[in-house]
Amino acid sequence: MFNNFLDEEATEPAHASDNEYKDAMVKAGCDSESEAEQKAFAEGVKYAESLEAKKADDEDTSASDEARKEAMTKAGCDSESEAEQKAFAEGVKY
């Protein structure tokens, strides 16, 4: 499942396996079988990676709730869904 969301370009950094993501989701209390939550988690991981890349260029990399919701919306996630917000946040932590 996750590979559908993460394998966009060969030049992207290597990502964890589906099982590693699912294990992380379960440990965080997310539904690892929900496609919407899987996508939100994967997008959270990608968002965190983009923040890390930006950190090299910027001093202020703290993401506000509005910035996270905007990133979720751009990724096609439901930014109003508490479950997807949690999955996205856990993906960022991961």
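Attention in this report is confined to the structure presented alongside it. As the structure is a computational prediction, the values presented were derived from the model and not from experiment. (Residues numbered from 1 in each chain as written. Predicted model: local features only at pLDDT ≥ 70, side-chain atom pairs only at ≥ 80, totals over all residues. Heavy atoms only, no water.)

## Section: the side chain of S79
Here is the rule we go by: Secondary structure elements follow DSSP: runs of H or I no shorter than four residues count as helices, runs of E no shorter than two count as strands, and numbering proceeds from the N terminus. Polar contact criterion, stated in full: a pair of N or O atoms within 3.5 Å, where within protein one must be able to donate a hydrogen and the other to accept it, and residues adjacent in sequence count only if both atoms are side-chain atoms. Note on contacts: a residue pair qualifies if any of its non-hydrogen atoms lie within 4.5 Å across the two residues.
Position of S79 among the secondary structure elements: in the loop between α4 (65-74) and α5 (82-93). Polar side-chain contacts of S79 include one of 3.4 Å to the side chain of T73. Apart from the residues lying within four places of it in its own chain, the contact partners of S79 are K69, M72, T73 and Q85.

## Observations regarding the environment of V45
Quick note on the threshold: Residue burial is assigned from relative accessible area. The probe radius is 1.4 Å, only protein chains are included, and a residue is buried under 20% of its type maximum, exposed over 50%, and partly exposed in between.
Relative to the assigned elements, V45 resides in helix α3 (residues 35-55). The class for V45 is buried, based on a relative accessible area of 7%. Note: C-alpha distance between V45 and Y21 (24 residues apart in sequence) is 9.7 Å. Those residues in contact with V45 that lie beyond four places of it in its chain are Y21, G91, V92 and Y94.

## Some words on the side chain of E84
Here E84 shows up in helix α5. Separated by 2.9 Å, the side chain of E84 and the backbone nitrogen of D78 make a polar contact. Ignoring any residue separated from it by four or fewer positions in sequence, one finds E84 in contact with A36, A40, M72, C77 and D78.

## A few points about the nonpolar core
For the record, the criterion: What is meant by a nonpolar core is a set of buried Ala, Val, Leu, Ile, Met, Phe, Trp, Tyr and Cys residues, joined one to another through side-chain atoms within 4.5 Å.
With 17 residues, the main nonpolar core has A40, F41, Y47, C77, A87, F88 and V92 as its most contacted residues. Where this core is concerned, the elements lending two or more residues are α2 (18-27), α3, α4 and α5. The leading source of residues in this core is α3, at 6 residues. Once residues within four sequence positions are removed from consideration, F88 is found in contact with A40, F41, E43, G44, Y47, R68, A71 and M72.

## As for α2
Residue pairs spaced three or four apart in an α-helix point in one direction, given the helix's 3.6 residues per turn. Short version of the rule: Here, the arc refers to the directions that run from the helix axis to the C-beta atoms.
Residues Y21, A24 and M25 constitute the buried set of α2. Relative to the axis of α2, the buried residues are bounded by an arc of 100° and lie together on one face. Summarising the geometry of α2, the exposed residues directed more than 90 degrees from the buried face are N19, V26 and K27. The positive-phi residue at the C-terminal boundary of α2 is G29, with phi of around 85°.

## Notes on the packing of aromatic side chains
As a reminder, the rule being used: Two aromatic rings from Phe, Tyr or Trp, using only the six-membered ring of Trp, form a pair when their centres are within 6.5 Å; if the ring planes differ by under 30 degrees the pair is stacked, by over 60 it is edge-to-face, and anything between is tilted.
A full pass over the atoms with the stated rule returns 4 aromatic pairs. Pairing Y21 with F41 gives two aromatic rings, centres 5.5 Å apart and planes at 75°, and the pair type is edge-to-face. Here the residue Y21 occupies a position in helix α2, and F41 occupies one in helix α3, the gap between them amounting to 20 residues. Here Y21 and F41 have matching classes, each one buried. On the numbers, 5.7 Å between centres and 50° between planes, the contact of F41 with Y94 is tilted. Here the residue F41 occupies a position in helix α3, and Y94 occupies one in the segment after α5, the gap between them amounting to 53 residues. We classify F41 as buried; its relative accessible area is 0%. By the ring-pair criterion, three or more aromatic residues cluster together here, those being Y21, F41 and Y94.

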